[in-house]
Amino acid sequence: MSDEIRKRLRALFDAGVRAADPRKTLPAHLPARPKGRCVVVGAGKASALMAAALEEAWSDVALTGVVVTRYGHAVPTTRIEILEAAHPVPDAASVHASERILGAVRGLTADDLVLALISGGGSSLLTLPAEGLTLADKQRINAALLSSGAPIGEMNLVRKHLSRIKGGRLALAAAPARVVTLVISDVPGDDPATIASGPTAPDLSRGEDALAVLDRYEIDLPAGLRKTLEAPRASTMQSFTADIRMIASPAMSLNAVADEARRLGWTPLILGDAIEGESAGLGVVMAGIARSVRDHGLPVAAPAVLLSGGETTVTLRGAKAGRGGRNTEFLLSLARQLSGMKGVWAIAGDSDGIDGTEDAAGAIVSPDTLDRARASGLDAASMLRGHDSYSFFAGLGDLVITGPTLTNVNDLRAVVIT
């Protein structure tokens, strides 16, 4: 039965990833073919596969352009150039790609169409430091934000105000051409202004809003840039009409997972697609709900599966961290709280196939996780404190390895009560 449940857990996760495959979802959202040129730009972990899907759907349209994706996420294309850059902290290739993308949309006419292919991860991949900021500054600030525990919305708010291409600036550079943005959402709430820091989305946030986030997490800025943000210019607030089309989202994937759960004979309960907070804290909460289902049939009777999505955080406070990620940290916390509870299993993973910076999407928890850990000399409590959850599950052989999935609707979590 153990192997069978593990196969079913993996089937749930795979169903969510398949639902976000741009080859299936992109064609239905394409606009009318343009009278003039069609220039394709984009950024994100899914942008290369989105470009390939577009080439297949519009085989009869002359396409040109360039998109940037994470290293190792490129796919073959014939008309749209694919570049690669660093994630989650930008590098020189991120700057080069951004310059190429801005150059591709300049000099267009009102008869031309710009198709922007945007997905999660674009904030790092699309990097042009604001005036008074160097790439080294952006790398330092980005790394500090990633370890601060700030939610993705706050991180991307800052990133927009430290950029010459995010926060709607790419769309403005393409004027007077029509811009249509096809988006795969990886953020709670699906706000296009937050996904990849909204390069083609209107943004009415202010420099002082970004400063408030930086101050909250005690992240320093160069003095000159701080003064600029304290007195925001009109050009930092972008207001325009945007044509933005959501082709995949966490909610869509969770609904697909729910359908798969019903097929497997489990009653699904979607708890939400926009759950945030500390990963370890969410593990405590989910263990409590699972206990309620098992003991009282509330809020759903077993056999059932509790589904959730969103993006949690792992706050690193001073001490050197081990190897981990949002999903494995959540699962290790969950396992400790369940403490071997019979009949409760779980899988959690990042839909892009990479949990944090590791090579696993996530992992699986079973009723005997802690027993096997003790037998293997793995101390769950100390490894959770040291943010070494990847090493914990690697030691048990319970990591979920998918490789890059070439899409990204963020984390998918399923807790099964049999």
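Above this note sits the structure.
In this text the structure is predicted, and so the values were computed from the model without any measurement.

Caption draft 1: Spatial organisation of empty space enclosed by the protein. If you walk through the whole model with that rule in mind, you get four cavities of 30 Å³ or more. Empty space within the largest cavity amounts to approximately 80 Å³. Forming the walls of the largest cavity are Pro90, Ser123, Ser124, Thr127, Lys138, Ile141, Asn142, Leu145, Arg159 and Leu162. Elements represented by at least two residues in the lining of the largest cavity include exactly helix 5 (122-125) and helix 6 (135-148). Considering each element in turn, the lining of the largest cavity owes the most residues, four residues, to helix 6. Classifying every residue of the lining of the largest cavity by side-chain character gives four nonpolar, four polar and two charged.

Caption draft 2: Local environment of the sheet that holds strand 5 (residues 178-184). Taken in spatial order, the six strands make up an open sheet running 3-2-1-4-5-6, and their pairing is parallel. The open sheet is flanked by strand 3 (81-85) and strand 6 (243-248), the only strands paired with a single partner. Here the strands of the sheet are splayed against their neighbours by 15° on average, with no regard to which way each runs. Sheet topology note: the strand 2 (residues 63-70)/strand 3 ladder contains five bridges and is parallel. Its bridge partner being in strand 3, threonine 69 is matched across the sheet by glutamate 84. Helix 3 (residues 47-57) contacts strand 1 (38-43), strand 2, strand 3, strand 4 (113-119), strand 5 and strand 6 of the sheet and is inclined by roughly 155° relative to strand 2. Of the strands in this sheet, strand 1, strand 2, strand 3 and strand 4 are in contact with helix 4 (residues 92-105), which crosses strand 3 at around 150°.

Caption draft 3: Inspection of the layout of surface pockets at higher detail. Approximately 800 Å³ is the volume found for the largest pocket. Lining the largest pocket are 40 residues, and of these Pro88, Leu146, Arg326, Gly356 and Thr357 sit closest to its centre. Breaking the lining of the largest pocket down by element, the ones donating at least two residues are helix 5, helix 6, helix 7 (152-161) and helix 13 (326-338). When its residues are assigned to classes, the lining of the largest pocket shows 13 nonpolar, 18 polar and nine charged.

Quick notes on the rules
- Residues numbered from 1 in each chain as written.
- Predicted model: local features only at pLDDT ≥ 70, side-chain atom pairs only at ≥ 80, totals over all residues.
- Heavy atoms only, no water.
- 1 Å grid on protein atoms, 1.4 Å probe; cavity = no way out; pocket = protein on both sides within 12 Å on 5 of 7 lines; lining within 4 Å.
- Points joined across faces, edges and corners; volume = space filled by probe spheres on them.
- Helix = DSSP H or I, 4+ residues; strand = E, 2+ residues; numbered from the N terminus.
- Nonpolar A, V, L, I, M, F, W, Y, C, P; charged D, E, K, R; others polar.
- Pairing = 2+ DSSP bridges.
- Axes fitted to C-alpha atoms, helices over the stretch in contact; angles between N-to-C directions.
- Contact = heavy atoms within 4.5 Å.

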